[in-house]
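Report on the structure
Each chain, written out:
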Amino acid sequence: MAETAGRFGVGYALMPKKQASFIQPSLVEMLRERGIDLVKIDMERPLADQGPFDCVIHKMYGEEWRRQLEEFKSRNPSARIVDHPDDIRRLHNRISMLQVVEELRVEKEDGDEDEGTFGVPKQIVVYEEEGLVDRSLWEEGSLKFPVIAKPLVADGSAKSHKMSLVFDVVALGKLKPPIVLQEFVNHGGVIFKVYVVGERVVCVKRKSLPDYSDEKLGSLQGSMSFSQISNLTAHVKDHEKYYESMDSEETEMPPQKFIEKIGRGLRKATHLNLFNFDVIRDVRVGNRYLVIDINYFPGYAKMPSYESVLTDFFCDMAKKKEKNANVGFDAVLSDKKIMKLVSSGCYSEGDDGALPVSPLKREDENPIIQV
Ligand SMILES: Nc1ncnc2c1ncn2[C@@H]1O[C@H](COP(=O)(O)OP(=O)(O)OP(=O)(O)O)[C@@H](O)[C@H]1O
Ligand SMILES: O=P(O)(O)O[C@H]1[C@H](O)[C@H](O)[C@H](OP(=O)(O)O)[C@@H](OP(=O)(O)O)[C@@H]1O
Ligand SMILES: [Mg+2]
Ligand SMILES: [Mg+2]
């Protein structure tokens, strides 16, 4: 790797399809200009022998990979792992995935508009086939049809996205546990996909399943299968055009501050930096928002301005690294190093507090040790 002094190295471990969608030349170039080098990790060699990396990003699983990360971290304690397998694992089970939402509390601040409330749809998990025809589920009114049947395991496999909208008990009996039965909530045919990248929260609209009126339901039987209906899959080539069409969609966006508070609350609760969550607005209660899905390391390239959002994320990390490298030593960075930091592009003149120490500012305040 080229001269790394003053640069910030990011190693990535992604499956080929994910690498093709996420590591785009536009991202590599924008990062390079800001002093950040994206380097592919060779999965055939020990991670700890590669680098140097200030940060490792990944969407890989398995005990061997976890061991590699731990070995790398033990030899590079100041490097960041984004994100830790233990924190990602919670999202691989559709019950534990949404438990963090149920436990989340969001403070209403003075002056906040009436943002509404949030939660998750009613859902149960069925582990055995006999549980699928247990009349008590329906007689107590704990759930009502239609329900969405979702695989309990959300591990990124095609199988984990295979779902069905179930209209009656006969269709339930054909499902294969373990399975989550989640109440279908009419939401106006539009879903809000909320991308979180560190402190950044970006909400976009996507097409979703349509609403089902009572009379329509009266004529429906059995079930309807679908998969990744709100993902911008290959058939949507022109993302920009798609977003323009969705912008003209009259469904109102949720209050941005409210969504940001939920996104930042989930980030704090899960310790994750790279995820998105799907939100639907319950048409029965205009300002009731339900989180139905949380995804680790989603399709960021589908997010408008993904390059600059990801670049800001890595630049924030690079700034923190420089600050940490100097905190406690009252070090004064030489002008040369300051210039190198500024030239690396992650800092700009006048960044308030961005530079670890500013000799001019610090000298004004109090004598500090020269290094
Ligand atoms: N409780 C619900 N009520 C109404 N529609 C729902 C509900 N749950 C899911 N859907 C619809 O089904 C789609 C897929 O559900 P979900 O997002 O849970 O699946 P997924 O396979 O994890 O999707 P992704 O590609 O986002 O990972 C949603 O985008 C939405 O259109
Ligand atoms: O439209 P988005 O960005 O939400 O689509 C994502 C989807 O939400 C999941 O994150 C997928 O990952 P898995 O759950 O692991 O399958 C992403 O697939 P990927 O191949 O990009 O990782 C979708 O892009
Ligand atoms: Mg989803
Ligand atoms: Mg998902």
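Small disclaimer: the values here were computed from a predicted structure and weren't measured.

About the criteria used
Residues numbered from 1 in each chain as written. Chains lettered and ligands numbered in written order. Predicted model: local features only at pLDDT ≥ 70, side-chain atom pairs only at ≥ 80, totals over all residues. Heavy atoms only, no water. Buried < 20%, exposed > 50% of the residue type's maximum accessible area, 1.4 Å probe, protein only. Helix = DSSP H or I, 4+ residues; strand = E, 2+ residues; numbered from the N terminus. Pairing = 2+ DSSP bridges. Axes fitted to C-alpha atoms, helices over the stretch in contact; angles between N-to-C directions. Contact = heavy atoms within 4.5 Å. UniProt positions renumbered as here; feature names shortened; annotations may be inferred.

Considering the pairing of strand β8 (residues 162–166)
Among the five residues in β8, four count as buried, and that is most of the element. Examined bridge by bridge, strand β7 (residues 147–151) and β8 share three bridges and lie antiparallel to one another. Bridging across to β8, Val-147 finds its partner in Val-166. Sheet topology places β8 next to strand β12 (residues 223–227); five bridges connect them, and they run antiparallel. Across the sheet, residue Lys-162 finds its bridge partner in β12, namely Ser-227.

Here's the deal with the sheet that holds strand β14 (residues 288–296)
A sheet is described by the order of its strands in space; here five strands give the open sequence β5-β14-β13-β10-β11, paired in mixed fashion. Either end of the sheet is taken by a strand with one partner, and the two such strands are β5 (117–119) and β11 (200–207). Strand-to-strand twist across the sheet, computed as the mean angle between neighbouring axes with direction ignored, equals 30 degrees. Summarising the sheet, β5 and β14 pair through three bridges and their orientation is parallel. Looking at the pairing, Thr-117 lines up with Arg-288 of β14. Sheet strands touched by helix α5 (residues 96–103): β5 and β14. Its angle to β14, the strand with the most contacts, is close to 140 degrees.

A look at the UniProt feature "binding site: 1D-myo-inositol 1,3,4-trisphosphate" (unreviewed entry) in the protein chain
UniProt records the feature "binding site: 1D-myo-inositol 1,3,4-trisphosphate" (unreviewed entry) for Lys-18, Lys-59, His-161, Lys-193, Asn-295 and Gly-299 in the present numbering. Note on placement: Lys-59 falls in the loop between β3 (55–58) and α3 (63–75). For Lys-59, a relative accessible area of 23% corresponds to the partly exposed category. The contacts of Lys-59, once residues within four sequence positions are left out, are Ala-13, Leu-14, Met-15, Lys-18, Tyr-296 and Phe-297. Along the polypeptide, His-161 turns up in the loop between β7 and β8.

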